[in-house]
Amino acid sequence: MIDKGHTEAFTNFYTLYFKKLLLESDKYVKDIQVAEEIVQDVFVKIWERSVDLDQIQSLKSYLYRSVINSSINYVNRQKNLEHHHQKMATAFSEQDLEQLDEENELIVLLFSEIEKLPTKCREVFKLNRFERLKYREIAVALDISEKTVENHIANALKILKEAMLAKKANVSGLTNSRILSILFLF
């Protein structure tokens, strides 16, 4: 009936069953666009594996079973995903959220302080921390010595550490060790 390459026969087959299968899928997924994608995927699989169709006794049963199974699998994946999201949302305590908020505030402050560094120092620091270039690569790119790169990085870290520790009072709950750990992650 449907051999690989016989597009007219496949088109007729598709037209005959598409709407029926769409309605069947929609009973499970309750979203017509998702149901449409599921049915289209089933037809694509049939088209790509049309050689295997000879082994199927009832093509109609195969179609319905494929669409129903795909629909059920979709619903189960959605339930698992929703369950996972709910679990993640409840896993964060108020204290965790406050800590995350404080760390994000600290990172914003850090970026602000990086922009205040002297021009060459800032450029070297960004190449090292954001572009992940090694001292030698920075030295070649900027036509300076590796020792100069090392000095710029050390100077930047010193300035940033002092600035961040000075601003610590503005961000409640932050310890020196948390500030330094965030600073050295960059």
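Here, every reference points to the structure presented above.
Fair warning: this is a prediction, and the values are worked out from it, not measured in the lab. (Residues numbered from 1 in each chain as written. Predicted model: local features only at pLDDT ≥ 70, side-chain atom pairs only at ≥ 80, totals over all residues. Heavy atoms only, no water.)

### As for the side chain of Arg 129
Logical step 1: Among the structural elements, Arg 129 can be located in helix H5 (residues 119–129).
Logical step 2: Within the buried set, Arg 129 has no salt-bridge partner at all; the shortest N-O distance to an opposite charge, 11 Å, is to Glu 150.
Logical step 3: In this structure the side chain of Arg 129 is engaged in a polar contact, spanning 2.4 Å, whose partner is the side chain of Asn 128. (Helix = DSSP H or I, 4+ residues; strand = E, 2+ residues; numbered from the N terminus. Buried < 20%, exposed > 50% of the residue type's maximum accessible area, 1.4 Å probe, protein only. Lys, Arg positive; Asp, Glu negative; His and termini not counted. Salt bridge = Lys/Arg side-chain N within 4 Å of Asp/Glu carboxyl O. Polar contact = N/O pair within 3.5 Å; in protein donor to acceptor, adjacent residues only side chain to side chain.)

### Considering the pattern of salt bridges
Logical step 1: Scanning the entire structure with this criterion turns up 6 salt bridges.
Logical step 2: Residue Glu 146 is joined to Arg 136 by a salt bridge in which the shortest nitrogen-to-oxygen separation is 3.1 Å. With Glu 146 in helix H7 (residues 146–167) and Arg 136 in helix H6 (residues 135–142), this residue pair connects regions lying 10 residues apart in the sequence.
Logical step 3: Residue Glu 146 is classed as partly exposed on the basis of its relative accessible area of 33%.
Logical step 4: Given a relative accessible area of 56%, Arg 136 falls into the exposed group.
Logical step 5: With a shortest N-O distance of 3.6 Å, Glu 150 and Lys 147 are connected by a salt bridge. Taken together, the residues Glu 150 and Lys 147, both in helix H7 and 3 residues apart, mark about one turn of the helix.

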